[in-house]
Amino acid sequence: MNVKRIIFLLFTGLVCMFWQPVSSYGAEASTKDVIIGYKDEVGKQLIVNQSKSIDNHFKSLSAFAVSINASDIEKYKGNEHITYIEENVPVTLSNSSNSINEIKNGDTLVEGETWNLRSSRFSYAWEEGATGKDVKVAVIDTGISPHKDLKVAGGVSTVDYTEKWEDDNGHGTHVAGIIGAEQNGFGVVGVAPDASIYAVKALDSHGEGDMDALLKAIEWSIQHEMDIINLSLGTEFHSDALEKIIKQAYDAGILIVGASGNGEGDGKVIYPAKYEQVIAVSALDEQFHSAPFASSGPEVEFSAPGTNIISTYLNGNYGIASGTSQASPHITGMLALLQQKLPDKNPEERRAALTDYVQDLGETGRDSYFGFGRISYITDFTAPDEIADLKLHKTESEAFSIQWINPENEDFDKTIIYLNDSMVKEKAKGEETSYTFTELEANTPYDIAICTEDIYGNRSKGVIQTVTTKKSGLIISEKQKESEEDQESDPEPESPVKEEKKEEKNKQEQQPEKDVTPPVDEGKKDEEKQPSISIPAPVQEPPVSNEQSEHKNPAQVSENNEKQKEAKQEDSLAASGSTNKAEEVEEKESQSEQSDVSKDSNKNEQSTAAAIDEGNKDEDNDENLFMQFFSWIGSLFRSIFQSLVQVF
């Protein structure tokens, strides 16, 4: 091979090797995307002249978003005409769009019946005429998708890949629905259904963005005179530029609501919710406990529903999601209601007025988990009194009826009736205060509970009682009847008197020509007639009515007839004179002697069997000793034999 060709190839390879890092990696490493604030015109001109590219000029901030050489960062930091220089840090959603699950059967939703709206009692504001009308709300998020439940008043995109503010993620649409979904008779409704919603798209289809896009979005909101800004997003990093523009928005009369975060930064409240001018909102679950994912800290100002929240979603559908992203729009909507209700108050006064619409949870006063408390338009959280004088009105084998007295509270609304923990009926105020449980099982205990509820949804703990139905009226066999009598009778053994009566009854059954009947056992008759009911005081069971006593068990009727015959038989025996009584005494003594003989015989048989067993045990012991002896002899001979083998 030609030497010149070899040298050329080596030279070309070296050039390619050294050229690639400079062109690919060296350029990227030497450039930084930053946000620089300037103090005066000199600083402004310095940024313009020294920057590689200018991405944005924030007029309200006196700052630029630019790309510069990394080596120039220290020069800017030490310049007296520059106020700050910081990296263009990432900004993301408070919770991922992947956590929103689409609801397939959205047509079955009942407007206003979601747990978050009911528990926060926003419907009472609508009844008063407060719906957020003419209040301008900027939803700075992933945009808002067209939806039949949403009316978007306008918007803007601050991301660099599209000029449209339509949602390509789903998160922004879900947040917007919580704030202001229309009250149109279907789907869902927002906290402030007549508020004017603006879509400000600052995050992309992945729910990601940067500080530059967020600053542009807030600046747009200031310029277009928004009343409220909702920020269900954030970052772990402090930004001088973000803090300054937040202050500017607040000074311009805009109230700003931010999600506290979902555990980012070791569970601390994220920015911008961390700033004093922002109302930081934490999340609650359905039991009004702090949601396990919610960030906490002294910055938390209020809490709101944040788990399993149903709202609008992409493609005209609905979705369910959890997060502080879902909690913060509840406070945003509430501020829109208050702006319409309290038009004479300024933004700071409306913010302070929020504390009049909360239920204090956790520690008394403001705390790191609930802030001042959970939001609620109605703050009456006292349940009405319990029902009184609960009584068993009537009981049968498959049904029983109860009656009670309702409380006298002015806001009392209804009673809720439960049977074995399942709700069976709601009785509105003014309805009959009684109820009949049907299709039950005979001779079975049932737990009933009756709670009271007021017009605000406050519910009492309830009055709980146990009622047992009557026995079945079916005819049962004699063996079954005797078994039931044994279970219900006193566990103590029967007395000799009862034994004599049984023997007399057996003798008399063998003499069919005599028509005699023993007296009726009144105690057992009354015991079987009354059902077993376990209702503690002060509720008392009413006496058994004639109607109840007429519905006797056929088996009981048969037994009573038999007892009446036995009573007649005893009367007949009494009339026959002393001769028969003497015969009975002799016969009893004869039976007693036979019984004694039988007992002695049994004792002799038992002692004989014990002796036989003892003999068998001795024989077994002898046999065991015999086997042990022969086993020892065998072992001895084996050892001798092995010794002889080793010798020879």
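Residues numbered from 1 in each chain as written. Predicted model: local features only at pLDDT ≥ 70, side-chain atom pairs only at ≥ 80, totals over all residues. Heavy atoms only, no water.

## Some thoughts on the packing of helix α7 (residues 211–223) against helix α8 (residues 240–251)
Here is step 1 of the chain: Where α7 meets α8, the closest approach of the two axes is 10 Å, and the angle between their N-to-C directions is 10°. With respect to each other, α7 and α8 are oriented roughly parallel. Contact residues: Met211, Leu214, Leu215, Ile218, Glu219 and Ile222 in α7; Ala241, Leu242, Ile245, Ile246, Gln248 and Ala249 in α8.
Here is step 2 of the chain: Partitioned by chemical class, the residues of the contact of α7 with α8 number 10 nonpolar, one polar and one charged. (Axes fitted to C-alpha atoms, helices over the stretch in contact; angles between N-to-C directions. Helix = DSSP H or I, 4+ residues; strand = E, 2+ residues; numbered from the N terminus. Parallel < 35°, antiparallel > 145°, perpendicular 65-115°, else oblique. Contact = heavy atoms within 4.5 Å. Nonpolar A, V, L, I, M, F, W, Y, C, P; charged D, E, K, R; others polar.)

## Overview of the confidence of the model for the protein
Here is step 1 of the chain: Scored by pLDDT, the protein comes out at a mean of 79, with 69% of its residues at no less than 70.
Here is step 2 of the chain: Counting contacts from residues 507–590, a segment whose pLDDT is below 50, to residues more than four positions away or on other chains yields 98 contacts.
Here is step 3 of the chain: Note on residues 592–612: pLDDT is under 50 here. Beyond four places in sequence and across chains, it has zero contacts. (pLDDT = per-residue confidence, 0-100.)

## Digging into the side chain of histidine 147
Here is step 1 of the chain: The residue histidine 147 is located in the loop between β7 (136–141) and β8 (152–157) in this model.
Here is step 2 of the chain: Separated by 2.8 Å, the side chain of histidine 147 and the backbone oxygen of asparagine 317 make a polar contact.
Here is step 3 of the chain: Filtering out sequence-adjacent residues up to four positions away, histidine 147 remains in contact with Thr312, Tyr313, Gly316, Asn317 and Tyr318. (Polar contact = N/O pair within 3.5 Å; in protein donor to acceptor, adjacent residues only side chain to side chain.)

## Remarks on the sheet that holds strand β22 (residues 412–419)
Here is step 1 of the chain: Judged by pairing direction, the sheet is antiparallel, and its four strands sit side by side in the order β23-β22-β25-β26 without closing on themselves. Unpaired on one side and paired on the other, β23 (422–428) and β26 (463–468) mark the two borders of the sheet. When the angles between neighbouring strand axes are averaged without regard to direction, this sheet yields 25°.
Here is step 2 of the chain: In terms of strand pairing, β22 meets strand β25 (residues 445–454) through seven bridges, oriented antiparallel. Looking across to β25, one finds that threonine 415 is bridged to threonine 452. (Pairing = 2+ DSSP bridges.)

## With respect to the packing of helix α6 (residues 171–180) against helix α10 (residues 324–341)
Here is step 1 of the chain: Interhelical geometry of α6 versus α10 gives an angle of 35° and a closest axis separation of 8 Å. Here the hand of the crossing between α6 and α10 comes out right-handed. Seen from α6, the contacting residues are His171, His174, Val175, Ile178 and Ile179; seen from α10, they are Ser325, Gln326, Pro329, His330, Thr332 and Gly333.
Here is step 2 of the chain: Residue classes in the contact of α6 with α10 are distributed as four nonpolar, seven polar and no charged. (Left-handed = near helix turned anticlockwise from the far one by under 90°.)

## Some words on the environment of leucine 390
Here is step 1 of the chain: Within the fold, leucine 390 resides in strand β20 (residues 388–395).
Here is step 2 of the chain: Take leucine 390: its relative accessible area is 5%, and that puts it in the buried class.
Here is step 3 of the chain: Sequence separation of leucine 390 and asparagine 406 is 16 residues, and the distance between their C-alpha atoms is 9.8 Å. (Buried < 20%, exposed > 50% of the residue type's maximum accessible area, 1.4 Å probe, protein only.)

## What to know about the sheet that holds strand β17 (residues 318–321)
Here is step 1 of the chain: Strands sit in the order β6-β17-β16 across an open sheet of three strands; the sheet is antiparallel. Sheet topology places β6 (101–103) and β16 (309–312) at the edges, where each strand pairs with a single neighbour. This sheet shows a mean twist of 40° between the axes of neighbouring strands, independent of strand direction.
Here is step 2 of the chain: In the sheet, β6 pairs with β17 via three bridges, with the strands oriented antiparallel. Residue pairing for β17: isoleucine 103 is matched across the bridge by tyrosine 318.
Here is step 3 of the chain: Along the sheet face, α6 touches β16 and β17 and points at about 100° away from the line of β16.

## Side note on the side chain of threonine 142
Here is step 1 of the chain: Mapped onto the elements, threonine 142 comes out in the loop between β7 and β8.
Here is step 2 of the chain: Overall, the relative accessible area of 0% leaves threonine 142 in the buried class.
Here is step 3 of the chain: There is a polar contact of 2.9 Å between the side chain of threonine 142 and the backbone nitrogen of glycine 172.
Here is step 4 of the chain: Filtering out sequence-adjacent residues up to four positions away, threonine 142 remains in contact with Leu93, Glu166, Asp167, Asp168, Asn169, Gly170, His171, Gly172, Lys201, Leu203, Asp204 and Gly207.

## So, the pattern of salt bridges
Here is step 1 of the chain: Taken as a whole and assessed by the stated rule, the structure comprises 14 salt bridges.
Here is step 2 of the chain: Among the ionic pairs, glutamate 299 bridges to lysine 274, the shortest N-O distance being 3.3 Å. You can see glutamate 299 sitting in the loop between β14 (278–284) and β15 (300–305) and its partner lysine 274 sitting in the loop between α9 (264–267) and β14, a full 25 residues away along the chain.
Here is step 3 of the chain: Glutamate 453 is the partner of arginine 459 in a salt bridge, and the nearest nitrogen-oxygen pair spans 2.7 Å.
Here is step 4 of the chain: In this structure, a network of salt bridges that share partners links the residues Lys414, Glu426, Glu453 and Arg459. (Salt bridge = Lys/Arg side-chain N within 4 Å of Asp/Glu carboxyl O.)

## Comments concerning the nonpolar core
Inside soluble globular proteins, nonpolar side chains tend to come together where they are buried.
Here is step 1 of the chain: Judged by nonpolar contacts, the single largest core of 51 residues is most densely connected at Phe122, Ile331, Met334, Leu354 and Ile375.
Here is step 2 of the chain: Take this core: its biggest share by element is seven residues, from α10.
Here is step 3 of the chain: Counting residues in each nonpolar core, the second largest holds 41 residues, with Ala65, Val200, Ile218 and Val269 among its members. (Core = buried A, V, L, I, M, F, W, Y, C linked by side-chain atoms within 4.5 Å.)

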